Amino acid sequence: MKIFSIRGYKKSGKTTVATTLIRKLKEEGFRVGSIKSIHIEGWHIDTEGTNSYAHKEAGAEPVAAWGLEETAIIFPRRLRPMALLKYFNNDWLVVEGSLYLPVPEIVCAKSVEEARELRTGLTFMFSGVISNEMDELDGLPVVNPLSQPDKVLEIVMEKVFPALPFFDCGDCGTDCTGMAELILKGEKTIKDCVMMQKDNVQIFVGGKRVPLNPFVQNIIGSVLKGAVYSLKGVEKGKEIRIKILDPELL
Ligand code: SF4
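Residues numbered from 1 in each chain as written. Predicted model: local features only at pLDDT ≥ 70, side-chain atom pairs only at ≥ 80, totals over all residues. Heavy atoms only, no water.

A. Summary view of the pattern of salt bridges. The tally for this structure, following the rule as stated, stands at 9 salt bridges. Note that glutamate 105 and arginine 7 form a salt bridge whose closest N and O atoms lie 2.9 Å from each other. Residue glutamate 105 is located in strand 6 (residues 105-108), and its partner arginine 7 is located in strand 1 (residues 2-7); the two are separated by 98 residues in the primary sequence. In this structure, glutamate 105 and arginine 7 share a single accessibility class: buried. Here glutamate 61 ties to arginine 77 by a salt bridge, and the two come within 2.6 Å at their closest N and O atoms. One end of the pair, glutamate 61, is in the loop between helix 2 (51-57) and strand 3 (63-66); the other, arginine 77, is in the loop between strand 4 (71-74) and helix 3 (81-85), and 16 residues separate them in sequence. Overall, arginine 77 belongs to the partly exposed group, its relative accessible area being 48%. (Salt bridge = Lys/Arg side-chain N within 4 Å of Asp/Glu carboxyl O. Helix = DSSP H or I, 4+ residues; strand = E, 2+ residues; numbered from the N terminus. Buried < 20%, exposed > 50% of the residue type's maximum accessible area, 1.4 Å probe, protein only.)

Spelled out as structure tokens, the structure:
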């Protein structure tokens with residue numbers, strides 16, 4: 001899954017960039033998920049007095065608000081970023097706000113000072129209000145999502161790479177942030193993440209990861225790929241997920 005975030009202060013144009021890119025990526029045929037990070041004290045998706053609120057107050061976790069047209073699964077706490085990511089299995093994940101993980105980012109700003117203040121080594125483009133005034137700043141493109149939607153998409157497609165494992169193991173000689181920055185500079189590629197080479201097969205039992213050495217991974221990977229690719233309609237080169245449920249739980 002490719003993940004990028006769109007950071008910036010209030011009214012800097014983040015939502016316009018996010019919605020433009022979600023639309024454009026959908027037009028390209030991708031499955032797109034999104035996260036809107038919300039930093040408002042006391043914010044709740046359901047309000048006091050609703051039945052789902054009462055379920056939550058009684059101690060249920062999670063609570064599903066199951067409507068005829070929408071479903072919301074409510075956890076009565078802020079999930080950690082990695083726990084939140086488990087719920088996404090899209091081609092692209094657009095994050096409005098910060099995910100607190102090293103992913104490429106677009107900075108939206110209202111002024112040059114704001115853009116420079118928010119820029120990090122993971123920033124690959126500026127956008128938002130500032131894009132009405134300039135098209136380049138400190139070596140990075142400044143792109144307007146409304147007048148140049150194709151250009152915004154083109155840069156995102158070129159710069160954003162599949163998400164790193166975010167293990168910060170250091171096996172590549174740096175951490176995940178350092179590696180993401182080097183990939184954005186074109187000095188490394190995703191293949192330089194040692195963990196991704198080692199961990200192409202992962203097994204979890206009851207949610208807990210079982211350590212596998214590369215030899216066992218190769219055997220399991222080859223057998224499963226052989227079986228799955230022989231099935232009708234299966235496209236090669238995609239992530240394969242297999243879930244085996246304990247019959248006693250069914
Ligand atoms: S090897 Fe991969 S997971 Fe480990 S620190 Fe480097 S980039 Fe991160």
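Next comes the rest of the write-up.
B. Inspection of the site of the ligand at higher detail. Taken together, 13 residues lie near the ligand, and Cys169, Gly170, Cys172, Cys176 and Cys193 sit nearest. When contributions to the shell around the ligand are tallied by element, the ones reaching two or more residues are helix 6 (176-185) and helix 7 (194-198). Class assignment for the residues of the shell around the ligand results in 9 nonpolar, 2 polar and 2 charged. (Near = heavy atom within 4 Å. Nonpolar A, V, L, I, M, F, W, Y, C, P; charged D, E, K, R; others polar.)

C. Summary view of the pairing of strand 3. Note: strand 3 against strand 4, 4 bridges, orientation antiparallel. Paired with alanine 64 across the strands is isoleucine 73, a residue of strand 4. (Pairing = 2+ DSSP bridges.)

D. Structural context of the sheet that holds strand 6. Spatially, the 5 strands line up as an open sheet ordered 2-5-1-6-7, and their pairing is parallel. Strands at the two margins of the open sheet, each flanked by one partner only, are strand 2 (32-36) and strand 7 (123-127). Averaged over all adjacent pairs, the angle separating strand axes in this sheet is 20°, with direction ignored. Taken together, the 3 bridges between strand 1 and strand 6 define a ladder with parallel strand orientation. Pairing of arginine 7 across the sheet is with valine 107, part of strand 6. Together, strand 1, strand 5 (92-96), strand 6 and strand 7 form the strand contacts of helix 5 (residues 149-159), whose direction differs from that of strand 7 by roughly 170°. (Axes fitted to C-alpha atoms, helices over the stretch in contact; angles between N-to-C directions. Contact = heavy atoms within 4.5 Å.)

All quantities given are derived from atomic positions and should not be read as evidence of function.
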